[in-house]
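Here are the chains, one letter per residue:
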Amino acid sequence: MKLLRQLLTLFAFAGAVGVMTSALAADAPQAASEQKAAKDLVLKGDAKCTGCHDESDEPQPSMIDLHPQVLSIGKTTHGTTADSRTPTCINCHGESANHLNHKGSEKPPKADRTFGKNTATPAAERNAACLSCHQKDASRHLWTGSAHESRDVACTSCHQVHAAHDKVRDKRTQAEVCFTCHKEQRAQANKPSHHPILEGKVACSDCHNAHGSAGPKLMKRDSVVETCYTCHAEKRGPFVHNHRPVNDDCTNCHMPHGTTADNLLKARPPLVCYQCHSGHGTPGVAGIAPGITTSPKANTFIEQGRGCLNCHTEIHGSNNPNGGQNLLPPAFFLR
Ligand code: HEC
Ligand code: HEC
Ligand code: HEC
Ligand code: HEC
Ligand code: HEC
Ligand code: HEC
Ligand code: HEC
Ligand code: HEC
Ligand code: HEC
Ligand code: HEC
C-alpha cells in the first residue's frame, strides 16, 4: 500500500498548504478504480481489497509476529481457491462499503469487521463471521454456551488466520497460546511432576475441547475418566475389585497439569489417602471407609516412603484372588 500511503501524505501536505486540494481529490477515485480493476492475488474476488492491501502492506507493529503479511492467508487452508467454499476478504471483514468508497485525505473508516487487538467489533459479531461457515463442524456443535463463548473469547483469540502457521493447531506451540490467558496452568505445567505438555508430547487439546464439551471443564470426552482412559486404558479395568474414587474421577487423587508430589498426586501418600480414609488406627483422622482394621505393622510402614502404598499397591483396582478386596498384592506378607 506504499503508493496509497504516499497519496495520503500528499493530501495532508496539500491540505496544509491549502492549494490544489480539489484537483488532487478528483484524482483519488480514479486511482481507486484502477486498483479495483486489478487481479485477485490470493483469494477469489479479493481484488477489490488487494488493490490497496498488496504485498507491500505493512503489518501494524503489534501484529508483526502474528502476520508477516496480509497476503499470507493465501498459504493457509482458506487460500484453496479451487474449493468453492473457501472465503474471500469480505466473508470475514464484511462488504465494508464505507471503507471502499472512502474519498479524501483522512484515514478511511474501518472495515465492517476488524479482528486485531484494538478492534471495536464485538466478539459475537467476529465469531458470527467464522460460524457462518464453521457452525456445523462436529467439534464445534457445543460452542454456544461454552465457557469460552460465554466469556466473549473470540475464535481469533486462539486462531491466526492470516498467518501460514496457526500456532494453536500445532501441538508444539499450542500451549503458548492458551497460556496467554491461563497463567495458573502454565505454573502447574512447570512443576516437577507434569504431563509432557511443554515437551510437546501431550497437548491441551488431548484432554480439552476448546470449542465446547458435554463434560466438565471442557473435557474432550463426556467425563474426566473417559478422557484419561484414551491414553491410560489399563486404568479402566475391568477389575475384580475396584477402588471407587478411581472410577469416579481421577482428580480425586491427581492434578492433571502438574504437581510437586510424584505421579501428579495432589499430595504425597499417606496425605492423599487421608482425604477419605483414616490410617490404621491413626488417632484424630476422620475417615469415610468403615471398619478400618488395626494391622500390627501398618503404622510403622505408613511413615515410610510410599506410605499406604507400601502395602496397598493395587491402588487403581485389583484382580488378585487373595487380599485383592483390600487392594493388596497377591500373597500379601501379613496374611
Ligand atoms: C482505497 C484503498 C483501500 C481499499 C480498496 C481497501 N482498503 Fe483496507 N485499508 C486502507 C487504508 C488506507 C487502511 C488504513 C491503514 C492504516 O491504518 O495504516 C486500511 C485498513 C484496513 C484494515 C485494518 C483496520 C484496522 O485498523 O484494524 C482492514 C481489516 C482492512 N483495511 C480491510 C480491507 C478489506 C477487507 C478491503 C476490501 C473489502 C479493503 N480493506 C479495501 C485502504 C484500503
Ligand atoms: C477467514 C477470515 C478472514 C479472511 C478471509 C481475511 N481476513 Fe483479514 N483478518 C482476519 C483476522 C482474524 C484478522 C486479525 C489477525 C489474525 O487473526 O490473523 C485480520 C486482519 C486483517 C488486517 C489487519 C492487519 C493487521 O496487521 O492488523 C487487514 C488489513 C486484513 N485482515 C485484510 C484482509 C484482506 C485484504 C483479505 C483478503 C485478501 C483478508 N483480510 C481476508 C480475518 C480474515
Ligand atoms: C466462507 C466460508 C468460511 C469462513 C467465513 C471462514 N472459514 Fe475457515 N474454512 C473454510 C473452509 C472451506 C475451510 C477448509 C477446511 C474444511 O474443509 O473445513 C476452512 C478451514 C479453516 C481452518 C483449518 C482447518 C483445517 O483442518 O485445516 C480453520 C482453523 C478455520 N477455517 C478457522 C476459521 C476462522 C477462525 C474463521 C473466522 C475468522 C473462519 N475460518 C472463517 C471456510 C470458511
Ligand atoms: C480457546 C482456543 C480456541 C478458540 C476460542 C477456538 N478454537 Fe478452533 N481450535 C482450537 C484448537 C486447540 C484446535 C485444534 C484441535 C485439535 O487439534 O484437536 C482448533 C481447531 C479448529 C479447526 C480445525 C479442526 C476442527 O475442529 O474442525 C477449526 C475449523 C476451528 N478450530 C475453528 C474455530 C472457530 C470457527 C472458532 C470460533 C467459533 C474457534 N475455532 C474457536 C482452539 C480454539
Ligand atoms: C492430561 C489431561 C489434561 C491436559 C493435557 C490439560 N488439561 Fe486442563 N484440565 C484437565 C482436567 C481433568 C481438569 C479438571 C480438573 C482440574 O481442574 O484440575 C482441567 C482443568 C483445566 C482448567 C480449569 C481449571 C479450573 O480450576 O477451573 C483450565 C483453565 C485448563 N484445564 C487449561 C488447560 C490448558 C491451558 C492446558 C494446556 C497447557 C491443559 N489444561 C491441559 C486435564 C488436562
Ligand atoms: C483470550 C483468552 C483465552 C485463551 C487464549 C484461552 N482461554 Fe480458556 N478460558 C478463558 C476464559 C475467560 C475462561 C472462563 C473463565 C475461567 O474459567 O478462567 C476460560 C476457561 C477455560 C477452561 C475451563 C472451562 C470451565 O468449564 O470452567 C478450560 C479447560 C480452558 N479455558 C482451556 C483452554 C485451552 C485448552 C486453551 C488453548 C487451546 C484456552 N483455554 C485458551 C480464556 C481463554
Ligand atoms: C494424550 C494422552 C494422555 C492423556 C489423555 C492423559 N495422559 Fe497421563 N500421561 C501421558 C503421557 C505421555 C505421560 C508420561 C509418561 C511417561 O513419561 O512415561 C503421562 C503420565 C501420567 C501420569 C504419571 C506422571 C508421572 O509423574 O510419572 C499420571 C498420574 C497421569 N498421566 C494421569 C493422567 C490423568 C489423570 C489423565 C486424565 C485427566 C491423563 N493422564 C490423561 C499421556 C496422557
Ligand atoms: C485413590 C487415589 C487415586 C485415584 C482416584 C487415581 N489414582 Fe492414579 N495413582 C495413584 C497413586 C497413589 C499412584 C502412585 C502409584 C505408585 O507409586 O505405585 C498413581 C499413579 C498413576 C499413574 C502412574 C503410574 C502407573 O501406575 O502407571 C498413572 C498413569 C495413573 N495413576 C493414572 C490414573 C488414572 C487414569 C486415574 C483415573 C482413571 C487415576 N490414576 C486415579 C492414586 C490414584
Ligand atoms: C476420594 C476418596 C478416597 C481417596 C482419596 C482414597 N480412597 Fe480408598 N476408598 C474410598 C472409597 C469410597 C472406598 C470404598 C469403601 C467401601 O466400599 O466401603 C475405598 C476403598 C479402599 C480400600 C479397600 C477397602 C474396601 O473396603 O474395599 C483400600 C485398601 C483403600 N481404599 C486404600 C486407599 C489408599 C491407600 C488411598 C491413598 C492412595 C486411598 N484409598 C484414597 C475412597 C477414597
Ligand atoms: C503394613 C501394610 C499396610 C499399610 C502400610 C497400610 N495398610 Fe491398609 N490394610 C493392610 C491390610 C493387611 C489390610 C487388610 C486387613 C484385614 O483384612 O483385616 C488393610 C486394610 C485397609 C482398608 C480396608 C479396611 C476395612 O476394614 O475395610 C483400608 C481402607 C486401608 N487399609 C487403608 C489404608 C490407608 C489409608 C493406609 C495409609 C494411611 C494404609 N491402609 C496403610 C495393610 C496395610
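Residues numbered from 1 in each chain as written. Chains lettered and ligands numbered in written order. Predicted model: local features only at pLDDT ≥ 70, side-chain atom pairs only at ≥ 80, totals over all residues. Heavy atoms only, no water.

When you go through the chain residue by residue, the secondary structure sums to 15 helices and two strands. Counting all 335 residues of the chain, 31% fall into the buried class. Put simply, 43% of the contacts in the chain that link residues at least 6 apart link residues at least 24 apart. Only carbon and sulfur atoms are counted for the fraction: they give 57% of the accessible area of the chain, which is about 21,000 Å². (Helix = DSSP H or I, 4+ residues; strand = E, 2+ residues; numbered from the N terminus. Buried < 20%, exposed > 50% of the residue type's maximum accessible area, 1.4 Å probe, protein only. Contact = heavy atoms within 4.5 Å. Areas by Shrake-Rupley, 256 points an atom, 1.4 Å probe, with all protein chains shown as cover.)

Attention now goes to the coordination of the iron atom of ligand 1. Within the protein, H53 (NE2) and H99 (NE2) serve as the donor atoms for the iron atom of ligand 1, at 2.0 Å. Relative to the metal, the six donor atoms surrounding the iron atom of ligand 1 lie at angles of 87 to 179°, and the coordination shape comes out octahedral. Taken together, the residues span a long stretch of sequence, with H53 in the loop between α3 (47-50) and α4 (89-93) and H99 in helix α5 (residues 97-100) at a distance of 46 residues. For H53, a relative accessible area of 26% gives the class partly exposed. Residue H99 is classed as partly exposed on the basis of its relative accessible area of 24%. (Donors = N, O, S within 2.8 Å, 3.2 Å for Na, K, Ca; no water. Tetrahedral: all angles 85-135°; square planar, octahedral: opposite > 155°, others 65-115°.)

What follows deals with the environment of H165. Among the structural elements, H165 can be located in the loop between α8 (155-158) and α9 (171-179). When near neighbours in sequence (up to four residues on either side) are disregarded, H165 contacts Q160, D170 and T173.

Moving on, we come to the site of ligand 6. By nearness alone, 16 residues border ligand 6, and H148, R151, C178, C181 and H182 come closest of all. Side-chain polar atom of H148 to a nitrogen atom of ligand 6: 2.8 Å apart, as the coordinates give it. A distance of 2.8 Å separates a nitrogen atom of ligand 6 from a polar atom in the side chain of H182. Those elements giving two or more residues to the shell around ligand 6 turn out to be α7 (147-150), α8 and α9. When its residues are assigned to classes, the shell around ligand 6 shows nine nonpolar, five polar and two charged. (Near = heavy atom within 4 Å. Polar contact = N/O pair within 3.5 Å; in protein donor to acceptor, adjacent residues only side chain to side chain. Nonpolar A, V, L, I, M, F, W, Y, C, P; charged D, E, K, R; others polar.)

Attention now moves to helix α6 (residues 123-134). In a regular helix each residue adds 1.5 Å, so 12 residues correspond to 16 Å; α6 covers 16 Å between its end C-alpha atoms and thus fits that length. All buried positions along α6 are accounted for by A123, R126, N127, A129, C130 and L131. For α6, the elements touching its buried residues are α4 and α8. (Expected span 1.5 Å × (residues − 1).)

Protein ligation of the iron atom of ligand 2 involves H93 (NE2) and H162 (NE2), the donor distances falling in the range 2.0 Å. Metal-centred angles of 89 to 179° between the six donor atoms at the iron atom of ligand 2 mark the site as octahedral. With a gap of 69 residues between them, H93 in helix α4 and H162 in the loop between α8 and α9 connect regions that are remote in the sequence.

This part covers the pattern of salt bridges. Counted by the stated rule, this structure contains eight salt bridges. We note a salt bridge from R169 to D166, for which the minimum N-O separation is 2.9 Å. By relative accessible area, which is 10% here, D166 ends up buried. (Salt bridge = Lys/Arg side-chain N within 4 Å of Asp/Glu carboxyl O.)

Attention shifts here to the side chain of S72. With respect to the helices and strands, the residue S72 is situated in the loop between α3 and α4. Assessed through its relative accessible area of 7%, S72 is described here as buried.

With respect to the helices, strands and loops of the structure, D166 is situated in the loop between α8 and α9. Within the local environment of D166, its side chain forms a polar contact with the side chain of R169, the two groups lying 2.9 Å apart. Leave out the neighbours within four places in its chain, and D166 touches C158, H159 and Q160.

Time to look at α9. Every buried residue of α9 is listed here: T173, Q174, A175, V177 and F179. Buried-residue contacts for α9 involve α8, α10 (183-189) and α11 (204-207).

Looking now at unusual backbone geometry. Cis peptide bonds are those with omega within 30 degrees of zero, and the linkage from G237 to P238 qualifies with 5°. In this structure, P238 sits in the loop between α12 (224-229) and α13 (244-248). Unlike most non-glycine residues, S96 shows phi in positive territory, near 55°. Note on S96: relative accessible area 5%, which makes it buried. Positive phi outside glycine occurs at K217, with the angle close to 50°.

Let's shift gears to the confidence of the model for the chain. Of all residues in the chain, 78% have pLDDT values of 70 or greater, and the mean over the chain is 83. Below a pLDDT of 50 lies the segment residues 63-67, which in the model reaches seven contacts outside its immediate sequence neighbourhood of four places, other chains included. Every residue in residues 284-292 scores below 50 in pLDDT, and together they form 16 contacts with partners more than four places removed in sequence or on other chains. (pLDDT = per-residue confidence, 0-100.)

If you trace the backbone, G45 turns up in the loop between α2 (21-36) and α3. Once residues within four sequence positions are removed from consideration, G45 is found in contact with D40 and T88.

Looking now at the environment of G324. Here G324 is to be found in the segment after α15 (298-302). According to the relative accessible area criterion, G324 is buried, its value standing at 0%. With 85 residues separating them in the primary sequence, G324 and F239 have C-alpha atoms 9.8 Å apart. Aside from chain neighbours lying at most four places away, what touches G324 is H241 and S318.

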